[in-house]
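Inside the fold
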Amino acid sequence: MKPLMMIISVFLLFFSCNSSQTPSTDPATDHIRINQLGFYPDAVKEFVVTGTGASSFRILDENGKSRYRGKLVDRGTWEASGEQVLTGDFTGFRTPGTYSVRIGKEMVSPSFEIRDDVHRAALDASIKSFYFQRASMEVEEQYGGVYARAAGHPDLGCPYHPSTGKQRGTLDSPGGWYDAGDYGKYVVNAAISAGQMLHLLELYPDAVADGQLNIPESGNGSGDLLDEIRYELDWLLTMQDSDGGVFHKLTARNFSGFIMPEAYDLERMVIGKGTAATLNFAAVMAQASRIVKEQDPAWAIDMLARAEKAWDWAVEHDEVPYRNPPDVRTGEYGDNLFSDDFYWAAAELYLTTGNNRYFKYLLENEEPYVHQLTNSWKFFIRNMGFHSLLANRKMLESSFRGELTRKHMKLAGEILARMDSIPYHVGIDYFEWGSNSDLLNQAMILCIAHHLSGDRQYLDGAVRDLDYILGKNATGYCFLTGFGAKQVMNPHHRPSGADGIEAPVPGFIVGGPNKDKQDRAEVEYGSDFPAKSFEDVEASYASNEVCLNWNAPAVFVMGYLEQAY
Ligand code: G3I
Ligand code: 9MR
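Residues numbered from 1 in each chain as written. Chains lettered and ligands numbered in written order. Predicted model: local features only at pLDDT ≥ 70, side-chain atom pairs only at ≥ 80, totals over all residues. Heavy atoms only, no water.

1. As for the pattern of salt bridges
Definition in use: Note on definitions: salt bridges are taken to be side-chain nitrogens of Lys or Arg within 4 Å of carboxyl oxygens of Asp or Glu. Segments assigned H or I by DSSP are reported as helices when at least four residues long, segments assigned E as strands when at least two residues long, and all are numbered from the N terminus. Only protein chains enter the accessibility calculation, which uses a 1.4 Å probe; a residue is then buried when its area is under 20% of its type maximum, exposed when over 50%, and partly exposed in between.
A complete count under the given rule lists 34 salt bridges for this structure. In this structure, Lys407 and Glu403 form a salt bridge, with 3.9 Å as the shortest nitrogen-oxygen distance. Placement of both Lys407 and Glu403 in helix H13 (residues 398–421) is noted, with a separation of four residues, approximately one turn of the helix. With a relative accessible area of 35%, Glu403 lands in the partly exposed category. Among the charged side chains, a network of salt bridges with common partners joins Lys166, Asp241, Asp243 and Lys273.

Below you can see the structure in the form of structure tokens.
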């Protein structure tokens, strides 16, 4: 692209993502931590402020006129961030418009909106990020704007690594999404990510209209979110072996450098084959089959047949873990506990087929009803099963249904209680790799509690967690690329690093604060507090990478809230 055109396009794209802000790190602004996009008129509206002795705040409109006045409440010190925290609540102020928070003479927050569809643009961008991750396909300018790029990774004729059990032959496995900041394609993470977004479509089939995202399939008569997910499901189908088992991943032996897809020159191969990949495949295929069965019966039948074949393989091979072979250093996604994977697959297969064989499995193999943090591809799997069962609870016998519902509401109640006890009014104060996805998965649990009960307090809880992601956190960053007043500019994302465009590809949720700092050899962290252990530098793969399973729950939560409010 010509330099002038590029500058103009970046400018336009920036303002289309974010109508009211320019990125700023003004220290006076930095003390007020608030959802930098804004609030629904009828939802809870809260912010956090640190380092002030003030006792009140005002809401100013665009003309600087004071529109609302409220008291700050001292919440004490948050151990996770080392800050003395006050909160302000202006839930009672409902008038749509553009505002900022002012405290005393010095402190002004970034401006934000109150409006009905306040997360719509962020929702659309967070889905569109999956389009930008498409392997084997060009991103055309008409869909990708300045982020247009050539195709990479055709993934045809990929040799089998011996860890697949095959000594010869090749596999054609084109398509699908790149997993993250790297160019690998990993079945377990693909399955949960597609599954979380399919769940939005199960609850709200029309959550995303045809044409809404401006992707190549826009205008084909089917909703754009389903079209985007299909790009991944079609790839996943290529990863099933003829005996029903599913290969673990398609990557090279090592990560590439920070280059564009078309410049990639490592040899990609099919690696591993195991119980977790096979069961996660079975689950998402059965789930998708149910969701598309009216719209595309032939596709639904094929996916279901493949899912059942995968289940049968897993029953025969019920404990095949995946570990990286010594010559492979790409992401592992290793798992050696399969009860939750069996559970998710049995749940989806039962709901789609009605076959009691699967229901019997669920009855005889209970899973703990918990939200186990970190690595959702490993631990949120059981919740995926619970959520689908709850969404189709009419198919469950009443005692099973009652028990599951009770357990879900108990978990959601515990989360809300915890939120009240944490000064930032979020439900989590533990920060490991991908902590942002923990917040978003928690918000998903709360949305589902709202779906079951109609009780607004759960919706408010989900908003509080989402507020954290969009700016009400101890770093002050809006963790969604391309959005907010204090933007993430240097995610660990190979195309964003290599495309020569200053602003990163928009719509990605970065990993977030991570107390373990596994990248400390390459990254200098400015804080040792867990909630502040985040650096917006490209080298920080442990805090600032992007990943499918971190975006997917953001899509669910914003999609749900856009419907509910
Ligand atoms: O849970 C332990 C904790 O108890 C211990 O104190 C701590 C000490 O370092 O480690 C914690 O485990 C870490 C785990 O993440 C959970 O935080 C592991 O050390 C750490 O290696 C592991 O990192 C994983 C990373 O891949 C490296 O394998 C991430 O969970 C996982 O999300 C990430 O996934 C990568 C893919 O492999 C490749 N594609 C990008 C993707 C996202 O970064
Ligand atoms: O860039 C890699 C990233 O995509 C992975 O998620 C991450 C964890 O597996 O690893 C990154 O690669 C780093 C490697 O693990 C250690 N040396 C530095 C690499 C990043 O430049």
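And the narrative resumes.
2. As for the site of ligand 1
Spelled out, the test is: Working definition: residue near molecule or strand if any one of its non-hydrogen atoms lies within 4 Å of it. Between N or O atoms, a polar contact is any pair within 3.5 Å; within protein, one atom must be a potential hydrogen donor and the other a potential acceptor, and residues adjacent in sequence are included only when both atoms are from side chains. For the accessible areas, the method is Shrake-Rupley and the probe is 1.4 Å, while residue cover comes only from the protein chains on display. Only protein atoms enter the 1 Å grid used here. Points where a 1.4 Å probe fits but cannot escape make up a cavity, open sets with protein on both sides within 12 Å along at least five of seven lines make up a pocket, and a residue lines them when an atom lies within 4 Å of a point. Any molecule with more than half of its atoms within 2 Å of a cavity's or pocket's grid points is counted as sitting in it. When residues are sorted by character, Ala, Val, Leu, Ile, Met, Phe, Trp, Tyr, Cys and Pro go into the nonpolar class, Asp, Glu, Lys and Arg into the charged class, and all the rest, Gly among them, into the polar class.
The environment of ligand 1 is formed by 17 residues, the closest being Asp179, Asp182, Gly331, Asn375 and Glu545. With respect to ligand 1, the side chain of Asp182 contributes an N or O atom lying 2.9 Å from a nitrogen atom. Contact between ligand 1 and Glu545: an oxygen atom at 2.9 Å from a side-chain N or O atom of the residue. Relative to its free-state accessible area of 780 Å², ligand 1 is covered by the protein chains to the extent of 63%. Comparing atom positions with the cavity grids shows ligand 1 to sit within the largest pocket. Here the shell around ligand 1 is composed, by residue class, of seven nonpolar, four polar and six charged.

3. Considering the layout of surface pockets
This is how it is decided: Grid points are joined across faces, edges and corners, and a volume is the space filled by probe spheres set on the points.
A volume near 570 Å³ is recorded for the largest pocket. Lining of the largest pocket is provided by 26 residues; of these, Gly331, Tyr333, Trp377, Trp433 and Glu545 occupy positions nearest its centre. Mapped onto the lining of the largest pocket, the elements with two or more residues apiece are helix H11 (376–379) and helix H17 (548–564). Taken together, the residues of the lining of the largest pocket sort by class into nine nonpolar, nine polar and eight charged.

4. Observations concerning the site of ligand 2
The immediate surroundings of ligand 2 are formed by Asp182, Phe255, Trp433, His492, Arg494, Glu522, Tyr541 and Glu545. At 2.6 Å from an oxygen atom of ligand 2 is found a side-chain nitrogen or oxygen belonging to Glu545. Taking a 2 Å distance to the grid points as the criterion, the majority of the atoms of ligand 2 fall inside the largest pocket. Split into classes, the residues belonging to the shell around ligand 2 amount to three nonpolar, one polar and four charged.

5. A closer look at the side chain of Gln196
Test applied: Contacts between residues were defined by any pair of non-hydrogen atoms, one from each residue, lying within 4.5 Å.
Residue position: Gln196 is located in helix H5 (residues 187–203). Leaving out residues up to four positions away in the same chain, Gln196 has contacts with Phe380, Met384, Asn441, Met444, Asn549, Ala552, Pro553 and Phe556.

6. With respect to the pairing of strand E6 (residues 83–89)
Our working definition: At least two bridges found by DSSP between two strands are what make those strands a pair.
E6 sits mainly inside the fold: five of its seven residues count as buried. Pairing of strand E3 (residues 46–50) with E6 involves five bridges; the strand directions are antiparallel. In the strand pairing of E6, Thr50 is matched with Val85. Sheet topology places strand E5 (residues 66–78) next to E6; six bridges connect them, and they run antiparallel. Residue pairing in the sheet places Trp78 in a bridge with Glu83 of E6. Counted between consecutive antiparallel strands, the loop separating E5 from E6 contains four residues, among which Gly82 sits at a positive phi close to 70 degrees.

7. Considering the packing of helix H15 (residues 456–469) against H17
Defined as follows: Helix axes use the C-alpha atoms of the stretch in contact, all axes being lines fitted to C-alpha atoms, and the angles between their N-to-C directions lie in the range 0 to 180 degrees. Angular relationships are summarised with four words: roughly parallel below 35 degrees, roughly antiparallel beyond 145, roughly perpendicular across 65 to 115, and oblique for the angles in between. Here a crossing is called left-handed whenever its near helix is offset anticlockwise from the far helix by less than a right angle, and right-handed whenever the offset is clockwise.
At a minimum axis distance of 11 Å, the contact between H15 and H17 shows a crossing angle of 135 degrees. Accordingly, the angle class assigned to the pair H15 and H17 is oblique. Read as a crossing pair, H15 and H17 show a hand that is left-handed. When H15 is examined against H17, the residues Leu459, Ala462, Val463 and Leu466 are found in contact with a partner set consisting of Met558, Tyr560, Leu561 and Ala564. Residues belonging to the contact of H15 with H17 are distributed by class as follows: eight nonpolar, no polar and no charged.

8. Thoughts on the sheet that holds strand E13 (residues 247–251)
Backbone hydrogen bonds hold the strands of a sheet together, and the pairing may be parallel or antiparallel. Ordered in space as E12-E13-E14, the three strands form an open sheet in which the pairing is antiparallel. Every interior strand has two partners, whereas the edge strands, strand E12 (185–186) and strand E14 (269–273), have only one. Of the pairings in the sheet, the one linking E12 to E13 comprises two bridges and is antiparallel in character. Across the sheet, residue Tyr186 finds its bridge partner in E13, namely Lys249.

9. Quick word on the packing of H5 against H17
Running from amino to carboxyl end, H5 crosses H17 at an angle of 5 degrees, the nearest separation of the two axes being 8 Å. Overall, the two elements H5 and H17 adopt an arrangement that is roughly parallel. On H17, the residues touching Asn189, Ile192, Ser193, Gln196, Met197, His199, Leu200 and Leu203 of H5 are Leu548, Asn549, Ala552, Pro553, Val555, Phe556, Gly559 and Tyr560. Its residues assigned to classes, the contact of H5 with H17 shows 10 nonpolar, six polar and no charged.

10. A look at the nonpolar core
How we decide: Residues grouped as a nonpolar core are buried Ala, Val, Leu, Ile, Met, Phe, Trp, Tyr and Cys residues, joined through side-chain atoms within 4.5 Å.
With 157 residues, the main nonpolar core has Leu233 and Leu561 as its most contacted residues. If we skip the residues at most four places from it in the chain, Leu561 touches Tyr40, Cys447, Leu459, Ala462, Val463 and Leu466. The next biggest cluster of nonpolar side chains, apart from the first, holds 17 residues, and it includes Ile32, Val49, Ile103 and Ile114.

11. Regarding the confidence of the model for the protein
Basically, it comes down to this: Confidence scores labelled pLDDT are given residue by residue by the predictor and lie between 0 and 100.
With 95% of its residues at a pLDDT of at least 70, the protein reaches an overall mean of 95. This stretch, residues 1–25, has a pLDDT under 50; its non-local contacts, to residues over four places away or in other chains, come to 38 contacts.

12. So, the packing of aromatic side chains
The condition that has to hold: What counts as a ring pair is set by centres within 6.5 Å for rings of Phe, Tyr and Trp (its six-membered ring), and what kind of pair is set by the plane angle: stacked under 30 degrees, edge-to-face over 60, tilted for all other angles. Each ring is checked for a lysine NZ or an arginine CZ that lies within 6 Å of its centre and within 35 degrees of its normal; such an atom marks a charge sitting over the ring.
Applying the stated rule across the entire model yields 37 aromatic pairs. Look at Phe90 and Phe112: their rings are 5.7 Å apart centre to centre, the planes differ by 40 degrees, and that puts the pair in the tilted class. Pair noted here: Phe90 is in the loop between E6 and strand E7 (97–103) and Phe112 is in strand E9 (residues 112–114), with a separation of 22 residues, a long-range link. The same class applies to Phe90 and to Phe112, which are both buried. Grouped by ring-pair contacts, the aromatic residues Phe39, Phe47, Phe57, Tyr68, Phe90, Phe93, Tyr99 and Phe112 constitute a single cluster. Between the NZ or CZ atom of Arg268 and the centre of the ring of Tyr264, over which it lies, the distance is 5.4 Å. Positioned above the aromatic ring of Tyr477 is the side chain of Lys486, whose terminal nitrogen or guanidinium carbon lies 4.5 Å from the ring centre.

13. What to know about H17
Test applied: Helices are assigned an expected span. That span is 1.5 Å times one less than the residue count.
Across its 17 residues, H17 extends 24 Å between first and last C-alpha, which sits within 8% of the 24 Å expected from 1.5 Å per residue. The element H17 is largely enclosed, with a buried count of 15 among its 17 residues.

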